[in-house]
Every structure is written in structure tokens, then in C-alpha cells.
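Structural overview
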Amino acid sequence: MIGAGLACRLRFWGADLRRGSPIVRQLLDVRRSFADPDRGRSLAAIRLKRLLQHACSTTVHYREWAGRNELADFPVLQKRVIQADPEGFLSSAVDRRNLVTVSTSGSYGAPMRLHWVVETYIRRRAELLYFGSWLGFHVGARFAQITVHPGGSARLRQLNGFLVDPSVINEEWLETTRRLLKENRVAFIVGYPSSVRPLADFCRARGDKPHDFNLRGVVASSEALIPGTREAITAAFGCPVVDRYGANELGILAQECRGDRSHHVNVAGHVVELLARDRDEAVRPGEIGRVVVTDLFSYAMPLIRYDTGDLAVGCAEPCPCGLPGPVLARIEGRTVEEIRDPAGNLVNPLAISSCPKDLAGIIQYQFVQRSPDGYLLRLQVISSFHEEGVLRERFQRLLGPQARIDVRYVEAIPPLASGKRPYILNELANPPRKG
Ligand SMILES: [Zn+2]
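All values derive from a computational prediction rather than experimental measurement.

On to the overall build of the chain, then. Looking only at helices and strands, the chain features twelve helices and 20 strands. Computed over its C-alpha atoms, the radius of gyration of the chain comes to 22 Å, within 12% of the 22 Å expected for a compact globule of 435 residues. Referenced to the eigenvectors of the C-alpha coordinate spread, the extents of the chain come out at roughly 60 × 60 × 45 Å. Considering the chain, the positive charge centre built from 58 side chains and the negative charge centre built from 47 side chains are found 4 Å apart.

Okay, here's the thing in C-alpha cells:
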């Protein structure tokens with residue numbers, strides 16, 4: 001009899017082999033780009049040129065840039081431009097019956113749906129495997145994914161993974177998840193640090209020691225690591241915590257090598273620029289800039305100089321680990337405020353952002369906690385919007401029947417004094433400044 005991990009590995013790679021090994025080929029391509037940086041750079045340059053030509057010759061939006069070959073000739077792309085005319089970004093060269101749809105909640109409350117060709121989807125899976133391998137996390141290893149995942153748990157079970165929904169964290173959730181980690185000898189966790197941290201604290205408070213678990217690594221995803229979080233998780237589980245920076249619509253943009261706090265940019269898949277906040281010019285190393293990304297595999301809807309809404313600081317020095325290539329020192333703009341349900345349970349920010357995610361017609365929204373049981377949803381919508389009932393019901397289900405939720409339609413979401421426009425505000429914890 002063979003173990004579940006080996007069986008899973010054989011099934012996964014066997015299925016890939018029968019399809020002509022598309023994942024293996026992409027995985028080798030990513031691996032070679034990092035192992036041989038010169039080759040990686042020239043391949044990325046060829047892919048970039050091909051993408052720019054493809055965009056100009058097959059999309060309505062980029063038609064007027066035909067003949068331009070330099071990335072800097074192209075405008076920085078804001079999400080609202082795509083939202084206003086998604087059809088204009090769709091390439092006429094791809095088979096529309098065969099697209100993969102990805103939704104993005106957008107950290108600034110601008111939900112959107114984008115399309116990939118199947119090859120992009122395969123590439124993103126290969127990138128996941130490649131960056132997982134940095135921690136020794138290979139296909140078949142038992143893992144727990146602690147994220148909001150509308151796709152459900154069946155696919156993760158096939159990969160020897162457990163899906164743990166962290167929408168509401170309370171004592172029952174903590175105890176159930178603690179037991180799941182122990183009883184199943186879970187080796188890796190992929191999840192929001194804001195969910196893994198309370199779990200780690202809970203296990204320590206119960207007297208657990210690292211050797212009571214079988215954990216070999218934690219991938220912190222989707223949120224910035226708040227100081228102290230990494231240390232608390234390592235103290236509880238005795239394994240490294242590696243921060244992964246990515247976006248639904250772009251895949252993995254950067255990941256730390258083993259926890260030395262510099263993020264290696266995914267140069268095999270993207271061109272990442274850091275531009276000043278007030279003008280479209282590159283910032284110097286050490287200065288904070290907007291993360292602007294060109295996705296080299298965005299054939300269905302070309303994303304050229306796409307403004308992610310995140311901020312980061314680049315490093316002048318290469319990473320001490322010896323792997324060459326650009327490195328980000330800090331990534332910001334992924335921190336959001338926390339809110340609680342009327343019973344006092346912490347509600348995960350991504351559970352909030354998944355409520356409006358797939359509803360058409362929302363330009364921006366902001367969810368505000370004003371009192372222990374009072375909430376305000378600010379909505380900026382297009383005139384044909386008619387999903388308020390569905391949206392209200394989802395928030396009510398998430399927060400419970402005691403929650404009083406007001407919906408207010410606005411012309412625009414007002415930015416804070418900092419210029420940021422967070423999609424979650426907690427006025428109870430951070431009262432708005434008057435005057
Ligand atoms: Zn490194």
C-alpha cells in the first residue's frame with residue numbers, strides 16, 4: 001500500500017503526462033529562468049515584445065499604440081479603465097469559448113473579472129509549484145489552505161490539502177483547526193497571516209510545543225506580515241514563515257527566500273516597475289513606489305503597466321542568499337483594518353471582499369464598522385446596478401442577524417488624509433479625524 005502523498009503525486013504528474021506535460025514544461029521554464037538569469041532575461045525580453053505587439057494588433061484598447069516597442073511608451077493602466085471597457089481589452093486572437101475567468105476583489109474595493117487563456121492558467125500553476133519548492137513544498141505534501149476560497153475543498157483534497165475557511169475566527173474554529181493540523185500531520189500552511197497568527201497563539205496557550213506538529217513551512221499570503229507575526233508563528237510551529245506577494249489576476253509577483261525578508265520578484269512571469277505616487281516615473285532603490293506590473297502571460301486580456309494599488313520599496317543590493325535578480329524590501333498597501341461581528345469575533349477582511357466580488361456594476365465600495373453592531377456599506381455603482389439585495393444578504397449572513405447594515409450610494413469613496421482609500425474602515429477602533 002502506498003501513502004496518500006505518493007498516490008497524489010503519481011496521480012497529479014500522471015494526469016499532466018497524459019495531457020502532453022504542459023505543467024512540467026512550464027515548471028522547467030520557470031526553474032531555468034531563475035537558475036540561468038541571463039537566459040531568463042532574454043526570454044522575458046522576447047515575451048515582452050511579443051505581448052506588446054499582440055496587444056496592439058488584437059485589442060481595441062491598444063490599437064493606437066501600434067508600432068511602439070518600448071514598455072515606457074505605454075500608459076500606466078488603472079483598474080477603472082479596464083472596468084469601464086473590459087471588451088476593449090479582450091484579444092480577438094483568442095478562443096472566447098475557452099477562457100478561464102479570474103475575479104479580483106481589489107484591495108481598494110474595485111471588484112473586477114478578467115480572463116486568461118488556458119496556457120496562462122497552466123503557467124500560474126507551475127509558478128505555484130516552483131515557489132513552493134523553495135520551502136520543500138512539493139506536490140503530494142499534506143497542507144492546509146487557510147483562505148477564503150469560493151472554489152470549495154474538493155480540488156484541494158485531490159492535492160492532499162485541506163481547505164480551512166477563516167471567515168470568522170472564534171474559539172471553536174481555533175480548536176478545530178488545531179486538531180486538524182495535529183491529527184493529519186499537516187506539513188505546510190498557506191494562508192492569511194491574520195488567521196495563522198491567532199491559531200499559533202492559541203496552540204501555544206494550550207501548551208503545544210513545535211514537535212507536537214509536523215509543520216515544515218508556512219506561506220503567508222494576501223496580506224502584509226505585521227511585525228511580530230512571523231516570530232509568533234515560528235515559536236508555535238517551529239518552522240520558517242515565508243511571505244508571498246501576489247494577486248488573483250496576476251499570480252505570484254514576489255516571494256521571500258527562506259525568511260530573510262527580501263522578496264524575489266517573479267521575473268520569469270512579470271515585469272515589475274516601482275513608480276512614484278504622483279507621476280509615472282521610476283523611483284530610486286529605497287524609495288516607496290507604486291507596484292506596476294506587466295504580465296508576460298496575459299494573452300487573453302493584456303495587462304501592460306497595470307497599477308496594482310500596492311506600494312513597495314526596492315532594494316539596491318542583491319539578496320544575500322545569492323539568487324540574482326530584483327528584490328523588494330518592503331511591500332505595503334496590503335494592510336487593511338479589522339472589523340468584528342456583533343458577537344465580537346474577528347471577521348476576515350477577505351471574507352468581506354468576497355461578498356461583492358462577482359457582482360456586476362460595482363465600481364468601488366467601502367465597508368465601515370461604526371458601532372459594535374452597526375455597519376455602513378458605501379457603494380459606488382453604475383446606473384444599471386441591481387444587486388443590493390444579494391449583497392445585503394451576503395453581509396448579513398457573514399455578520400449574523402444582530403448586525404445592522406446601512407447601504408449608502410455615493411458618487412465616490414472619500415480618501416483618507418493619507419490618500420489611501422481602504423475598502424474596510426473601523427471607525428470604532430480608529431475614529432475619523434474631525435475638521
Ligand atoms: Zn534570497
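More follows now that the structure is in view.
This part takes up the sheet that holds strand β5 (residues 168-169). The three strands are arranged β5-β16-β15 in an open sheet whose pairing can be described as antiparallel. Here the strands that pair on one side only, and so sit at the sheet edges, are β5 and β15 (339-340). Pairing of β5 with strand β16 (residues 346-347), which is carried by two bridges, proceeds in the antiparallel orientation. Residue pairing for β16: isoleucine 169 is matched across the bridge by leucine 346.

This next bit is on the packing of aromatic side chains. For the structure on display, the rule yields 19 aromatic pairs. Taken together, a centroid distance of 5.5 Å and an interplanar angle of 55° make the contact between phenylalanine 137 and phenylalanine 143 tilted. Phenylalanine 143 shares its class with phenylalanine 137; the two are buried. Ring centres 4.5 Å apart and planes at 5° place the aromatic pair phenylalanine 137 and phenylalanine 188 in the stacked group. Residue phenylalanine 137 is located in the loop between α6 (118-133) and β3 (143-146), and its partner phenylalanine 188 is located in strand β6 (residues 188-191); the two are separated by 51 residues in the primary sequence. Phenylalanine 137 sits in the buried class, given a relative accessible area of 14%. By relative accessible area, phenylalanine 188 is classed as buried at 0%. An aromatic cluster is built from Phe34, Tyr130, Phe131 and Trp134, whose rings are joined through pairwise contacts. The positively charged end of arginine 124 is found above the aromatic ring belonging to tryptophan 116, 5.8 Å away from the centroid.

Those protein atoms acting as donors to the zinc ion are Cys257 (SG), His264 (NE2), Cys319 (SG) and Cys321 (SG), and they sit at 2.1 to 2.3 Å. Its four donor atoms give the zinc ion angles of 105 to 120° at the centre, a pattern that matches the tetrahedral case. One chain supplies every donor for the zinc ion, spaced along it as C-x6-H-x54-C-x1-C. With a gap of 62 residues between them, cysteine 257 in the loop between β9 (251-256) and β10 (263-265) and cysteine 319 in the loop between β13 (306-314) and β14 (327-332) connect regions that are remote in the sequence. Its relative accessible area of 5% is what places cysteine 319 among the buried residues.

Tyr62, Ile82, Leu114, Ile304 and Tyr306 are the most contacted members of the largest nonpolar core, which totals 41 residues. Secondary-structure elements contributing two or more residues to this core are α3 (37-58), β2 (112-117), β9, β12 (288-295), β13 and β14. Ranked by residue count, the leading element in this core is α3, at six residues. Leave out the neighbours within four places in its chain, and tyrosine 306 touches Leu77, Lys79, Ile82, Met112, Leu114, Glu249, Leu250, Val291, Val292 and Val293. Counting residues in hydrophobic clusters, the runner-up holds 30 residues, among them Tyr130, Phe137, Ala141 and Val327.

Moving on to the side chain of arginine 305. Turning to its location among the elements, arginine 305 is positioned in the loop between β12 and β13. Look at arginine 305 and you get buried, because its relative accessible area is 5%. A distance of 2.9 Å separates a polar atom in the side chain of arginine 305 from a polar atom in the side chain of glutamate 273. Ignoring anything within four residues of it in the chain, the contact list for arginine 305 reads Leu71, Ala72, Phe74, Pro75, Val76, Leu77, Glu273, Leu275, Val292, Val293 and Thr294.

Following both chains from N to C, one finds helix α1 (residues 4-18) and helix α2 (residues 22-35) inclined at 100°, their axes separated by 6 Å at the closest point. Judged by the angle between their axes, α1 and α2 are roughly perpendicular. Across the interface between the two elements, Phe12, Trp13 and Asp16 of α1 pack against Pro22, Ile23, Val24 and Leu27 of α2. In the contact of α1 with α2, the residues fall into six nonpolar, no polar and one charged.

So, on to the sheet that holds β13. Strand pairing in a sheet relies on backbone hydrogen bonds, with the paired strands running either antiparallel or parallel. Spatial strand order, β4-β3-β6-β7-β8-β9-β10-β14-β13-β12-β11: eleven strands in an open sheet with mixed pairing. Sheet topology places β4 (161-163) and β11 (270-275) at the edges, where each strand pairs with a single neighbour. Going across the sheet, the axis of each strand differs from the next one's by a mean of 35°, ignoring polarity. Of the strand pairs in this sheet, strand β8 (residues 241-247) and β9 are connected by four bridges, and their pairing is antiparallel. What sits directly across from tyrosine 245, in β9, is alanine 254.

So, on to a nonpolar patch on the surface. Residues Ile2, Leu6 and Leu10 make up a contiguous nonpolar surface patch of about 270 Å² in total accessible area. Mapped onto the fold, leucine 10 is located in helix α1. Residue leucine 10 is classed as exposed on the basis of its relative accessible area of 52%.

For α1, with 15 residues, the first-to-last C-alpha span of 21 Å sits near the 21 Å given by 1.5 Å per residue. Those residues of α1 lying buried are Gly5, Cys8, Phe12, Gly14, Ala15 and Asp16. On its buried face, α1 sits against α2, α6 and α7 (154-158). Phi for glycine 20, located one or two positions after α1, is positive at around 95°.

Moving on, we come to the domain arrangement of the chain. Segmenting the chain into domains produces domain 1 (11-332) and domain 2 (339-426). Just the C-alpha atoms count here: the centres of domain 1 and domain 2 sit 26 Å apart. Roughly 1,700 Å² is buried in total at the junction of domain 1 and domain 2, and carbon and sulfur atoms are behind 58% of that figure. One can count zero salt bridges joining domain 1 with domain 2. For the pair domain 1 and domain 2, the interface holds zero residue pairs in polar contact (both at pLDDT 80 or more). Of all the secondary-structure elements, those providing two or more residues to the side of domain 1 that touches domain 2 are β5 and α9 (193-205). A per-class count over the side of domain 1 that touches domain 2 returns nine nonpolar, twelve polar and one charged.

What counts and what doesn't
Residues numbered from 1 in each chain as written. Predicted model: local features only at pLDDT ≥ 70, side-chain atom pairs only at ≥ 80, totals over all residues. Heavy atoms only, no water. Helix = DSSP H or I, 4+ residues; strand = E, 2+ residues; numbered from the N terminus. Rg over C-alpha atoms; globule rule 2.2 N^0.38 Å. Lys, Arg positive; Asp, Glu negative; His and termini not counted. Charge placed at Lys NZ, Arg CZ, Asp CG, Glu CD. Pairing = 2+ DSSP bridges. Phe/Tyr/Trp six-rings, centres within 6.5 Å; stacked < 30°, edge-to-face > 60°. Buried < 20%, exposed > 50% of the residue type's maximum accessible area, 1.4 Å probe, protein only. Lys NZ or Arg CZ within 6 Å of the ring centre and 35° of its normal. Donors = N, O, S within 2.8 Å, 3.2 Å for Na, K, Ca; no water. Tetrahedral: all angles 85-135°; square planar, octahedral: opposite > 155°, others 65-115°. Core = buried A, V, L, I, M, F, W, Y, C linked by side-chain atoms within 4.5 Å. Contact = heavy atoms within 4.5 Å. Polar contact = N/O pair within 3.5 Å; in protein donor to acceptor, adjacent residues only side chain to side chain. Axes fitted to C-alpha atoms, helices over the stretch in contact; angles between N-to-C directions. Parallel < 35°, antiparallel > 145°, perpendicular 65-115°, else oblique. Nonpolar A, V, L, I, M, F, W, Y, C, P; charged D, E, K, R; others polar. Patch = residues over 30% accessible without salt bridge, like charges linked within 9 Å, V, L, I, M, F, W, Y side chains within 5 Å. Areas by Shrake-Rupley, 256 points an atom, 1.4 Å probe, with all protein chains shown as cover. Salt bridge = Lys/Arg side-chain N within 4 Å of Asp/Glu carboxyl O. Expected span 1.5 Å × (residues − 1). Domains from an automatic or database assignment. Buried area = accessible area lost by both parts, 1.4 Å probe.

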